[in-house]
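Spelled out from the first residue to the last, the chains are:
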Amino acid sequence: MLRIALAVLLCLTGVAQAAQMAVAALPGANLIYKPVQSIRERRFSDLVEQKTDFSCGAAALATILRQAYWLDVDEDHVIKGMLVNANEELVRTQGFSMLDMKRYIESIGMRARGYRIPAQNLQNINVPVVVLLDIRGYKHFVVLQRTQDNWVYIGDPVLGHKRYSQDDFVKGWNGIVFAVIGPGYDKTNALRDPPVPLSAKNTLNGFSPVKDAELLDFGFIQSDFF
């Protein structure tokens, strides 16, 4: 039993770290290799993860600049750029403000606009924007990726990809969106197509055993079933 448990643990560890996994397509056939992601990699795919307590705004901006405008920036680059015109001591205690973000965006030749919009217009936002959420008293910048079917898809620099009901999102949102405007915007950027939340519930209704007649299409013969 111990050997079996260790084998399972080693398999799980390998999947979490490997970029590809060998899969036997059919009995007696050659192996094929499928790309795999760990849960953590999937959670932060296409997002910049924040590394300090005060840098959620920098990470959110870096995410939009990298994915929507293909700029080669990271969180550290944006932090240094915003600190040029910000009060460093104030930033360490309160974090960056939207004004700090606006000044940085303008310093690299782009425009930044803050808009107050009613909740019913969230569905009309068709570009990724930075929003400020109040999460149990903690002010936190995240990327609003899209709103669809009363779900709001968020790129969170701490938690990764998240999905909130629109009602829950509005409870913590201050009603303002911060948009970055500039040349080279990629309308098909990955932020507009966030990954579907991992849940077994999404697959239960679609699962059914493969019928014998369907297996014959894959090269099995009738005697294989007896």
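Residues numbered from 1 in each chain as written. Predicted model: local features only at pLDDT ≥ 70, side-chain atom pairs only at ≥ 80, totals over all residues. Heavy atoms only, no water.

Per an unreviewed UniProt entry, the chain goes by C39 family peptidase and derives from Pseudomonas weihenstephanensis.

A. Representation of the sheet that holds strand E6 (residues 151–156) in the model. Spatial ordering of the open sheet is given by E3-E8-E4-E5-E6-E7, a layout of six strands whose pairing is antiparallel. Two strands lie at the open edges of the sheet, namely strand E3 (111–116) and strand E7 (160–165), each paired on one side alone. Sheet twist, expressed as the average angle between the axes of neighbouring strands with direction ignored, equals 35 degrees. Across the sheet, helix H3 (residues 56–69) touches strand E4 (129–135), strand E5 (138–148) and strand E8 (173–181), and the angle it forms with E5 is around 25 degrees. Contacts between helix H6 (residues 98–107) and the sheet are confined to E3, E4, E5 and E8, with E8 contributing the most and set at about 10 degrees to the helix. (Pairing = 2+ DSSP bridges. Helix = DSSP H or I, 4+ residues; strand = E, 2+ residues; numbered from the N terminus. Axes fitted to C-alpha atoms, helices over the stretch in contact; angles between N-to-C directions. Contact = heavy atoms within 4.5 Å.)

B. Region of the structure containing the pattern of salt bridges. Counted according to the given criterion, the structure contains six salt bridges. Salt-bridge contacts for aspartate 76 lead to lysine 80; the nearest nitrogen and oxygen are separated by 3.2 Å. One end of the pair, aspartate 76, and the other, lysine 80, are both in helix H4 (residues 75–83), four residues apart, so they sit about a helical turn from each other. Owing to a relative accessible area of 42%, aspartate 76 belongs among the partly exposed residues under this scheme. Lysine 102 serves as the salt-bridge partner of glutamate 106, at 2.6 Å between the closest nitrogen and oxygen. Within this pair, glutamate 106 and its partner lysine 102 are both found in helix H6, separated by four residues, close to a single helical turn. Glutamate 106 gets classed as partly exposed once you look at its relative accessible area, which sits at 38%. (Salt bridge = Lys/Arg side-chain N within 4 Å of Asp/Glu carboxyl O. Buried < 20%, exposed > 50% of the residue type's maximum accessible area, 1.4 Å probe, protein only.)

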